[in-house]
Amino acid sequence: SQVSFEEESQNPPAVGHWKPLMPSKGDKEEPESGCQDAGGVHEPQSTEQLNVSRLRSSSVEIREKGSEFLRDELHKAQKELKLKDKECERLSKVREQLEQELEELTASLFEEAHKMVREANTKQAAAEKQLREARGKIDMLQAEVTALKTLVITSTPSSPNRELHPQLQSPSKAGFRKGHGRNKSTSSAMVSAASQNVAPEPVSRECREVDSILFAEFQAWKESPTLDKSCSFLDRIYREDVGPCLDFTKQELSELVRVAVEQNTLTIEPVASQAVPVGKVAAEECGGPKKCALSGLPRTCKHRIMLGDSGNYYYISPSCRARITAVCNFFTYIRYIQQGLVRQDVELMYWEVMRLRREMSLAKLGFYPTEM
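Here the structure is a predicted model, which means the values were calculated and not measured.

### Points about the environment of V242
Okay, step 1: Locating V242 in the fold gives a position in helix α7 (residues 232-245).
Okay, step 2: On the accessibility criterion, V242 (1% relative accessible area) is buried.
Okay, step 3: The spacing of V242 and C328 is 86 residues in sequence and 9.7 Å in space, taken between C-alpha atoms.
Okay, step 4: Beyond its immediate stretch of four places on either side in the chain, V242 contacts I237, V327, F330, F331 and M360.

In structure tokens form, the structure reads like this:
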């Protein structure tokens, strides 16, 4: 029992089991404890408000710093954009300048090229004119040599030619011919030889009469000159002159020659003492110095032709050479007209074309100069 009493004395009494009827001093102190409890509640609330205000101020400060940073970045970006705009403007100006310089350079190059082409055409025309003049002089000299040979042959000891021996003439005639005897005799012999060997001279201008149909066709072609044979002017000449003039026995080779003449790729050269070139074409078709490749007849061939860059030569007779040359002369003249190199009246050009057509007609009939 004593042990249980001690245990009970050690354990404090349970709170709230006693409810006194009268207020005591301990009861008067309860409001103070309540006040203390209320004061303890207000202190956490003020701490939380302080923390919220601090968070708000820090967020405002962060927002201000962030906006300031963004403003700085925006200014930097605007400056960079301005610099890039200036750079783009400068590059566009450089590009425009380069394009303008390129256009000017292209125009100057084209102008220089056209100028070089014109100069080349002019030089070619002058060279061909000189070549024709040189050939004319050669023909004249050959005729003079032929005339001198004729005079020498006709002069014998029994009947000397007084043109070659002025000392046999009377003094008056000899004095009159002094210093000019050889030239006069040569000229007279040339006239006599020309009257026998050379073809008749062209009809004089007073006897010419312009054909209205042919002249109208030539005028229409002259307005827009072309090498297309579908036009009426060239179609007529192909049918009446070019086709018959280039119509040889060897039809296949004749067609190749016609194409080469139209394309201006045919070459004619005199035959020297050379060996017959080896080519892909058979020797019978190529002919030889004693056989014409176009006619197939045994003829003495003084010239040979080459078609383009094939490297194959074809030996042709003088008659075939005259026919090809006549057609080449016609095409050369109309090419000059097409390129604007002929500065003549339309009627003069028409009569030159008629003269070339007459040469083709004579050549296809078998007439050709003896020097061929």
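### Focus: the side chain of R258
Okay, step 1: Mapped onto the fold, R258 is located in helix α8 (residues 251-262).
Okay, step 2: Overall, R258 belongs to the buried group, its relative accessible area being 18%.

### Brief notes about α7
Okay, step 1: Between its first and last C-alpha atoms α7 spans 19 Å; for 14 residues at 1.5 Å apiece the expected length is 20 Å, and the two agree.
Okay, step 2: A bend of about 50 degrees at Y238 is the largest found in α7.
Okay, step 3: Within α7 the residues assigned to the buried category are F233, L234, R236, I237, Y238, D241, V242 and C245.

### Remarks on a nonpolar patch on the surface
Okay, step 1: Residues L102, L105 and L109 make up a contiguous nonpolar surface patch of roughly 310 Å² in combined accessible area.
Okay, step 2: With respect to the element layout, L109 can be found in helix α3 (residues 30-154).
Okay, step 3: Residue class for L109 comes out exposed when judged on its relative accessible area of 53%.

### Description of the nonpolar core
Okay, step 1: Judged by nonpolar contacts, the single largest core of 45 residues is most densely connected at V242, V257, L294, I324 and F330.
Okay, step 2: For this core, the secondary-structure elements that each account for two or more residues are α6 (212-223), α7, α8, β2 (303-307), β3 (313-316), α10 (318-338) and α11 (346-364).
Okay, step 3: Ranked by the residues each element gives to this core, the list is headed by α10, at ten residues.
Okay, step 4: Residues within four places of F330 in sequence aside, it is in contact with L234, I237, V242, V353, L356 and M360.

The rules behind each value
- Per chain, the residues get numbers from 1 upward, laid out in the order the sequence is written.
- Selection of residues for local features in this predicted model requires a pLDDT of at least 70, selection of side-chain atom pairs for listing and counting requires 80 or more, and totals for whole chains, interfaces and linings are taken over all residues.
- Derived side-chain values reflect all non-hydrogen atoms in the structure, with water molecules and hydrogen atoms excluded from consideration.
- Numbered from the N terminus, helices here are DSSP runs of H or I no shorter than four residues, and strands are runs of E no shorter than two.
- For every residue, the accessible area obtained with a 1.4 Å probe (protein chains only) is divided by the maximum for its type, and the residue is called buried under 20%, exposed over 50%, and partly exposed between those limits.
- Contact between two residues is taken to exist if any of their heavy atoms lie within 4.5 Å; hydrogens are not considered.
- Take the residue count of a helix, subtract one, and multiply by 1.5 Å to get its expected span.
- Working definition for bend: take the seven residues up to and ending at a residue and the seven starting at it, fit an axis to each, and measure the angle between the axes.
- Here the term patch refers to residues with relative accessible area over 30% and no salt bridge, with like charges joined within 9 Å and nonpolar side chains (Val, Leu, Ile, Met, Phe, Trp, Tyr) within 5 Å.
- Residue-level accessible areas treat just the shown protein chains as cover; the underlying method is Shrake-Rupley with a 1.4 Å probe.
- Take a side-chain nitrogen of Lys or Arg and a carboxyl oxygen of Asp or Glu: if they are within 4 Å of each other, that pair is a salt bridge.
- We define a nonpolar core as any set of buried Ala, Val, Leu, Ile, Met, Phe, Trp, Tyr and Cys residues linked to one another through side-chain atoms lying within 4.5 Å.

From the geometry alone we can't say anything about function, so treat these as descriptive.
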